[in-house]
Amino acid sequence: MKLWAAKTKHRLKLYRYILILSLKETFIFRINTLLVGLAPLVWLGTIIIFLTTLFARISTLGSWQFWEIILLTGVHEIIFSLSWAIFSSNLRNLDRTIDRGEFDLILTKPVSPRFLATFQHFNTIGLISLVNSLVLITVSFFHLSFSFTFFRLIGFILLIAIGLLISLHLHTLATSLTLAFIRAKSLGDILWEIYEIGHYPAEIYPTKIRYFFLTAIPVLLFAYLPTAFLLGKINYPWIIFALIILLLFSKAASFAWAWGLKKYQSISS
Amino acid sequence: MVIFIWKNVFAQTKSFGSYTLPKMITYLVMAQIIHALNRHKSARTIAEEIKSGQFSTALIKPYNYFVWQFSWATASQFIELLTMDLLFLVFLVFLPQYLSPPSGSNLFIFILLLPLISTLNYLLNLILAGVAFWVTDIRLFSTFVVLAANFLSGEMLPIDLFPAFLEKLARFLPFQYRIFFPISVYNNQLSGPKIVQGILVMLGWIITLSLITYRLWQKGIKKYEAVGR
């Protein structure tokens, strides 16, 4: 326990330095960062126009109303932008890190290679995208007439955290193949595409597909579960379900990373 | 995912604008296939060459740089198009009820339109790349333009379903000829005179964009500097 606490403290300290360094880098190219950060705003705009057009002719989508889906979109964007800011850009670029021989350098550092490969850079553009999602959530809150208890709110935040961790483990699973085969980036790209499934209510999918994306590739856990929980569409046992899936994927990611590392062969430097 | 969304929508309404479920799914599947023609990375590749100074070597080579880049783009588009055709095949074999077949003549016109789409798109890419003569890094600019252009092309939703002000804007710009117009032809949604009119406007845009590209590149090359090369 003492060892674990010391390790965590060391990693947090390290991450603080990574964060400061990334922020300093952002301020050097602030105009560029700001403009790139506005791109997700354009993308969000297209999603909203799409939904507005649909809801001009229908009243619900999979029994969800317009502002409920906007809330779902906002939550989905939170997971997407935090994943992007904290780890997914690092993991998706691992093939380039390996190509340039930089992974060998990571292996020689006195800290876990998995930690460094995952968190070596903080992508601040993701934070700008996060602001967009928070605005979306706030606006939808004003339009939705529903009340929730304090425990529902805690459950909602907990489910978002679980969603983010599962997203991390899914990315680690995909990246582990990069360690073994180097050119496996397209798997990460496919994963990004699959993320889109979580953009819409689970109710629009047939039961079998719904359960597949709740368990095998649990992208419906990212946004659907927290939002449905907050809106009172599902109940507390789903938190236990999400925790079990998290535990399973955490084990699978650790196993896959260890396997990838074992297979890894230096190809550069 | 698209099928499930639209199945839900069409469970509540029999038609959506002038679209039935098979027409809408056909539209979206074809949009993905045509997207292969719109996805090439000429703008970024050329802009990188301008930025790095590598473009200097292209200026002294005994061939037309634009034709050379166009050949590269077309070759990669062809491969991409073949891959995307597999998607169509999957629908044709497993989900034929979701596809609305075109008439023979419309299919023929649609196939004839493919090289025009590719040319139009290549010109848009050249204009985007030409900006690199003035701005060092076009990545942020191109991200904006590509996102907006794809949407205004009707990639996500047919433009005749857009809110009125956006539809007006989309119909005024050349982007609709990348996706919306060719698929409307494929989907048998346009009459003969409308198709002819559309092709003529498309050709007009190709000529206009060629002139813009020529002027832009002429000015850009004058301004171009490659230190140390």
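Trainee: Could you give an account of a nonpolar patch on the surface, with specific residues and numbers?
Mentor: Nonpolar side chains collect at one region of the surface, where B:Leu86, B:Leu89, B:Val90, B:Leu92, B:Val93 and B:Phe94 lie side by side and expose about 600 Å² of accessible area between them. Residue position: B:Phe94 is located in helix 5 (residues 65–94).

Trainee: Now, about the packing of helix 8 (residues 150–181) of chain A against helix 12 (residues 237–263) of chain A: what can you tell me, with residues and values included?
Mentor: The axes of two packed helices give the description: the angle between them and the distance between them. Residue and element names in this part refer to chain A. Close contact between helix 8 and helix 12 brings their axes to 8 Å; oriented N to C, the two are set at 20°. The orientation of helix 8 relative to helix 12 falls into the category roughly parallel. For the element pair helix 8 and helix 12, the recorded crossing hand is left-handed. The residue makeup of the contact of helix 8 with helix 12, split by class, is 24 nonpolar, 7 polar and 1 charged.

Trainee: So what's going on with the nonpolar core? Residues and values would help.
Mentor: Across soluble globular proteins, nonpolar side chains have a tendency to be buried as a group. Of all hydrophobic cores here, the largest spans 131 residues; its most connected members are A:Leu51, A:Leu54, A:Leu61, A:Phe103, A:Tyr224 and B:Trp6. When residues of this core are assigned to their parent elements, the largest contribution, 12 residues, is made by helix 2 (residues 21–38) of chain B. Look past the residues within four positions of A:Leu51 in its chain and what remains in contact with it is A:Phe66, A:Ile69, A:Ile70, A:Thr73 and A:Tyr200. Within the second largest apolar cluster, 17 residues are counted, among which are B:Phe55, B:Ala58, B:Leu126 and B:Ile138.

Trainee: Give a detailed account of helix 3 (residues 42–52) of chain B, specifying residues and quantitative values.
Mentor: Residues and elements named next belong to chain B. Among all positions in helix 3, only Ser42, Ala43, Ile46, Ala47, Glu49 and Ile50 are buried. For helix 3, the angular spread of the buried residues around the axis is 155°, confining them to a single face. Where the residues of helix 3 are buried, they touch helix 4 (55–60), helix 5, helix 6 (104–130) and helix 10 (192–223). Looking at the residues trailing helix 3, positive phi occurs at Gly53, about 90°.

Trainee: Residues and numbers for the interface of chain B and chain A, please.
Mentor: Across the boundary between the two partners, chain B contributes 21 residues, which contact 26 residues of chain A. Taking both partners together, chain B and chain A bury about 2,200 Å²; carbon and sulfur atoms supply 81% of that area. Applying the counting criterion to the chain B and chain A interface returns 0 salt bridges. Between chain B and chain A we count 3 residue pairs in polar contact (both at pLDDT 80 or more) in total. When residues of the side of chain B that touches chain A are traced back to their parent elements, those giving at least two are helix 1 (2–12) and helix 7 (139–153) of chain B. Here the side of chain B that touches chain A is built from residues that sort into 16 nonpolar, 5 polar and no charged.

Trainee: Please provide a residue-by-residue account of the pattern of salt bridges, values included.
Mentor: For the structure on display, the rule yields 2 salt bridges over all chains. The partner of A:Lys233 in a salt bridge is A:Glu68, with the nearest N and O atoms 3.2 Å apart. Here A:Lys233, found in the loop between helix 11 (224–230) and helix 12, pairs with A:Glu68, found in helix 3 (residues 66–92); they are 165 residues apart in sequence, far enough to count as distant. Judged by its relative accessible area of 32%, A:Lys233 is partly exposed. A salt bridge links B:Arg171 to B:Glu167, with the shortest nitrogen-to-oxygen separation between them at 2.9 Å. Of this pair, B:Arg171 and B:Glu167 both sit in helix 8 (residues 164–172), 4 residues apart, roughly one helical turn. Since its relative accessible area comes to 38%, B:Arg171 is described here as partly exposed.

Trainee: So, the side chain of A:His169: which residues are in play, and what are the values?
Mentor: Residues and elements named next belong to chain A. Following the sequence through the fold, His169 ends up in helix 8. Among the residues examined, His169 registers a relative accessible area of 9% and is labelled buried. In this structure, His169 is in contact with Arg114, Leu246, Phe249, Ser250 and Ala253, ignoring residues within four places of it in sequence.

Trainee: With reference to specific residues and values, describe the environment of A:Thr73.
Mentor: Residues and elements named next belong to chain A. Relative to the helices and strands, Thr73 is located in helix 3. Taking C-alpha positions, Thr73 is 15 Å from Ser83, a pair spaced 10 residues apart along the chain. Residues within four places of Thr73 in sequence aside, it is in contact with Leu44, Ile47, Leu51, Leu136 and His199.

Trainee: Describe in detail unusual backbone geometry, supporting the description with residues and values.
Mentor: All names here are of chain A. For Ser63, which is not glycine, the phi torsion reads 65° and is therefore positive. With respect to the helices and strands, the residue Ser63 is situated in the loop between helix 2 (30–55) and helix 3. The class of Ser63 is partly exposed, set by a relative accessible area of 47%.

Trainee: Outline the packing of aromatic side chains, listing residues and values.
Mentor: Inspection of the entire model under this criterion finds 23 aromatic pairs over all chains. Here the aromatic rings of A:Phe80 and A:Trp84 are separated by 6.2 Å at their centres, their planes lie at 55°, and the arrangement is tilted. Taken together, the positions of A:Phe80 and A:Trp84, both in helix 3 and 4 residues apart, correspond to about one turn of that helix. A residue is classified by how much of its surface remains accessible, and A:Phe80, at 21% relative accessible area, is partly exposed. Judged by centre distance (5.1 Å) and plane angle (65°), the rings of B:Phe110 and B:Tyr186 are edge-to-face. Here B:Phe110 is found in helix 6, whereas its partner B:Tyr186 is found in helix 9 (residues 180–186), with 76 residues between them in sequence. Each member of the pair, B:Phe110 as well as B:Tyr186, is classed as buried.

Trainee: Break down the side chain of A:Glu77 for me, with residues and values.
Mentor: Residue and element names in this part refer to chain A. Its location among the elements puts Glu77 in helix 3. We note that Glu77 is buried and unpaired, the nearest opposite charge coming from Arg92 at a distance of 13 Å. With near-sequence residues (within four places) excluded, Glu77 lies in contact with Trp43, Leu44, Ser129, Ser133 and His199.

Trainee: Let's hear about the confidence of the model for chain A: which residues, and what values?
Mentor: Summary statistics for chain A give a mean pLDDT of 84 and a share of 91% for residues scoring 70 or more. The secondary structure element of chain A with the lowest average pLDDT is helix 9 (residues 185–195) of chain A, at 72, and the one with the highest is helix 11 of chain A, at 93.

Trainee: Go over the environment of A:Ile166, please, and point to the residues and values.
Mentor: Residue and element names in this part refer to chain A. By the secondary structure assignment, Ile166 is in helix 8. For the pair Ile166 and Leu72, spaced 94 residues apart in sequence, the C-alpha to C-alpha distance is 18 Å. Setting aside chain neighbours within four positions, we find Ile166 in contact with Pro218, Leu221, Phe222, Ala242, Ile245 and Leu246.

Scoring rules and cut-offs
Residues numbered from 1 in each chain as written. Chains lettered and ligands numbered in written order. Predicted model: local features only at pLDDT ≥ 70, side-chain atom pairs only at ≥ 80, totals over all residues. Heavy atoms only, no water. Patch = residues over 30% accessible without salt bridge, like charges linked within 9 Å, V, L, I, M, F, W, Y side chains within 5 Å. Areas by Shrake-Rupley, 256 points an atom, 1.4 Å probe, with all protein chains shown as cover. Salt bridge = Lys/Arg side-chain N within 4 Å of Asp/Glu carboxyl O. Helix = DSSP H or I, 4+ residues; strand = E, 2+ residues; numbered from the N terminus. Axes fitted to C-alpha atoms, helices over the stretch in contact; angles between N-to-C directions. Parallel < 35°, antiparallel > 145°, perpendicular 65-115°, else oblique. Left-handed = near helix turned anticlockwise from the far one by under 90°. Nonpolar A, V, L, I, M, F, W, Y, C, P; charged D, E, K, R; others polar. Core = buried A, V, L, I, M, F, W, Y, C linked by side-chain atoms within 4.5 Å. Buried < 20%, exposed > 50% of the residue type's maximum accessible area, 1.4 Å probe, protein only. Contact = heavy atoms within 4.5 Å. Arc of directions from axis to C-beta. Buried area = accessible area lost by both parts, 1.4 Å probe. Polar contact = N/O pair within 3.5 Å; in protein donor to acceptor, adjacent residues only side chain to side chain. Phe/Tyr/Trp six-rings, centres within 6.5 Å; stacked < 30°, edge-to-face > 60°. Lys, Arg positive; Asp, Glu negative; His and termini not counted. pLDDT = per-residue confidence, 0-100.

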